[in-house]
Amino acid sequence: MTTYTLRKGNPASTRTDAVVIGVATTDKGLTVAPGGEPVASAYGRKFAPMLTAMGFGGKAGEVLRVPTGGTISAATLVVVGLGKEPDLSGVRRAAGVAARNLANAASVTLALPTPDAEHVRAVAEGFIAGGYRFAGRKQSAPTEDGLAEAIVLCDAARRGEVKEAFAAAQTIEGVASTARDWVNTPPNELNPVTFAEAIDEFTGDAKVKGLSAHVVTDEELRELGCGGILGVGQGSATRPRLVRLTWAPERPVARIALVGKGITYDSGGLTIKPGSSMTTMKTDMAGAAAVVAAVRAIAELGLPVAVDGYAALAENMPSGTAMRPGDVLTIHGGTTVEITNTDAEGRLVLADAISLAAETEPDAIIEISTLTGACVVALGDRVAGVFGDEDQVALVEQAADAAGELVWPMPIPEHIADNVRHDSKVADLLQHNWVRWGASSYAAAFLTQFRGEVPFVHLDIAGPSWNGGSGWGSTPAGGTGFGVRTLVEYAARLAQSAD
Ligand code: BES
Ligand code: ZN
Ligand code: ZN
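Presented here is an overview of the structure given in this document.

What counts as what
Residues numbered from 1 in each chain as written. Chains lettered and ligands numbered in written order. Predicted model: local features only at pLDDT ≥ 70, side-chain atom pairs only at ≥ 80, totals over all residues. Heavy atoms only, no water. 1 Å grid on protein atoms, 1.4 Å probe; cavity = no way out; pocket = protein on both sides within 12 Å on 5 of 7 lines; lining within 4 Å. Points joined across faces, edges and corners; volume = space filled by probe spheres on them. Helix = DSSP H or I, 4+ residues; strand = E, 2+ residues; numbered from the N terminus. Nonpolar A, V, L, I, M, F, W, Y, C, P; charged D, E, K, R; others polar. Expected span 1.5 Å × (residues − 1). Buried < 20%, exposed > 50% of the residue type's maximum accessible area, 1.4 Å probe, protein only. Contact = heavy atoms within 4.5 Å. Donors = N, O, S within 2.8 Å, 3.2 Å for Na, K, Ca; no water. Tetrahedral: all angles 85-135°; square planar, octahedral: opposite > 155°, others 65-115°. Pairing = 2+ DSSP bridges.

**Overview of the layout of surface pockets**
Okay, so step 1: Here the largest pocket is characterised by a volume of approximately 1,300 Å³.
Okay, so step 2: Contributing to the lining of the largest pocket are 34 residues, with Thr-2, Gly-131, Tyr-132, Arg-133 and Asp-145 lying nearest its centre.
Okay, so step 3: Looking at the lining of the largest pocket, the elements that each hand over two or more residues are helix 4 (117–130) and helix 5 (160–184).
Okay, so step 4: The element that contributes the greatest number of residues to the lining of the largest pocket is helix 5, accounting for six residues.
Okay, so step 5: Considered class by class, the residues forming the lining of the largest pocket number 16 nonpolar, twelve polar and six charged.
Okay, so step 6: The calculated volume of the second largest pocket comes to roughly 1,100 Å³.
Okay, so step 7: Residue lining of the second largest pocket: 44 residues in total, with Lys-273, Leu-371, Thr-372, Gly-373 and Ala-374 positioned closest to the centre.
Okay, so step 8: Elements represented by at least two residues in the lining of the second largest pocket include exactly strand 10 (254–266), helix 11 (346–359), helix 12 (373–379) and helix 15 (439–448).
Okay, so step 9: For the lining of the second largest pocket, the element with the highest residue contribution is helix 12, accounting for six residues.
Okay, so step 10: Of the residues belonging to the lining of the second largest pocket, the class tally is 19 nonpolar, 16 polar and nine charged.

Have a look at this one:
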């Protein structure tokens, strides 16, 4: 466990094992970013030439560890590059890089640019997110994380809004780390039943009045007519679940629904995936994890926005009881769907959840899912696709920008929605049409059939929810927790705009 402290102070005399400063590049060479000046002064004029001599160029993502030999109080100086224009996201990334380069320090002081609350938040969030590591299941795994204390320096540390931002960063990244843990957990441990239990416990642990979770069992799903979740789950030895979360603040200024895809393992079902595409399919519940984490954070922050969360949980497996291409499923509300590809299972579990959400007529439904590989082909693995009503999409884009998450708008063309509605000869909707082109838009168009009249946004996080490489910036390896910050920021902005 790491303790986080925000205070004013001099990084040259602070008594922690390591001190982190930022260095930017300008036309004139390297310059120490605000916050780090006392460290640079302690070294005097030789500082910049020393960094250059050690091969440090100040580029974003670059990092250099320097033994201080007593020049400053800390034994180790960690210099992180901020690049040319150190903006908010640059500072967030630098804090993340620093977190992975502390060389076993038990305590660290961050002396990065913190002129205002937003920067303090970016430093704290970037540091916690970037330093996240999954404990794993190796017998040789190191025990506890060695970092006991992290101090963030800020001249305005006593200002209310700065303190609030610092606390909010810890709340948000605390829950995002749980979302990461869930995504990283092996699928033989995390199945729909154990995941539902974990969600229930996690939500209860918040001990926030007005926040609750209700696990809907498979029998109840049958009564509700949730044929999508049941259909996808019927091939698995573990029964499917739907978890409904409620955050009911005293005086809500708006009411939203958050819906997440929670396929604890996606083998493809009878339309089985090739082996190499299956290895990371434990991550197919990242949308549900993001929703659960976001609802808890929104409640803990006391945001006056009522939230209904839906985590649609199933395991997609091939077996004698699995759904088949050719089956017709009936979604909650009565819409029938002809199945043509059991690997397009996400839209089926989401259809039930979106339909349930739409019935309650919220101001908006935001749905988040690892829905299509095609979205990764289109945008790469660091950018989420955002689909839906233009004005709502714009709000989500703004929230994502502020939260430091990358999203890009994608279309739902009318002719593709027509295909969904008209191309089945036996059911109301055709689940999947085997046309490769525009597969992400087809999936999004399918989802919009269940939103009724409610403003709707779909976030496809198939790419950015998982980092198969090593950590970069504030993004750790493995489960990234993508979406948590954007969803919380979206709610925070709703709360503010209604003031
Ligand atoms: N869970 C996958 C999507 C996915 C792909 C997530 C890569 C993360 C990384 C989804 O259920 C799926 O299998 N989608 C199909 C859709 C197709 C059948 C239209 C796909 O992407 O191939
Ligand atoms: Zn699939
Ligand atoms: Zn899937």
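**Examining helix 3 (residues 88–99)**
Okay, so step 1: In a regular helix each residue adds 1.5 Å, so twelve residues correspond to 16 Å; helix 3 covers 17 Å between its end C-alpha atoms and thus fits that length.
Okay, so step 2: Buried residues of helix 3: Gly-90, Val-91, Arg-92, Ala-94, Ala-95, Gly-96, Val-97, Ala-98 and Ala-99, and no others.
Okay, so step 3: Looking at the buried positions of helix 3, the neighbouring elements they touch are strand 2 (18–26), strand 4 (63–67), strand 5 (76–83), helix 4, helix 13 (390–403) and helix 16 (484–497).

**Examining the coordination of the zinc ion (ligand 3)**
Okay, so step 1: With distances of 2.0 to 2.4 Å, the protein atoms coordinating the zinc ion (ligand 3) are Lys-261 (NZ), Asp-266 (OD), Asp-284 (OD) and Glu-345 (OE).
Okay, so step 2: Around the zinc ion (ligand 3), the six donor atoms sit at angles spanning 78 to 171°, and that spread fits a shape best called octahedral.
Okay, so step 3: Coordination of the zinc ion (ligand 3) draws on donor residues from a single chain, spaced K-x4-D-x17-D-x60-E in sequence.
Okay, so step 4: Between the zinc ion (ligand 3) and the zinc ion (ligand 2), the interatomic distance is 3.2 Å, and Asp-266 donates to each metal, bridging them. On the criterion of sequence distance, the pair formed by Lys-261 in strand 10 and Glu-345 in the loop between strand 13 (336–338) and helix 11 is long-range, its members being 84 residues apart. Of the two residues, Lys-261 and Glu-345, both sit in the buried class.

**Concerning the sheet that holds strand 17 (residues 429–430)**
Okay, so step 1: Pairing within the open sheet is mixed, and its three strands lie in the order 12-13-17. In this open sheet, the two strands that pair with only one neighbour each are strand 12 (328–330) and strand 17.
Okay, so step 2: Examined bridge by bridge, strand 13 and strand 17 share two bridges and lie parallel to one another. Note on strand 17: the bridge partner recorded for Val-337 is Leu-429.

Geometric values such as these leave the question of function open.
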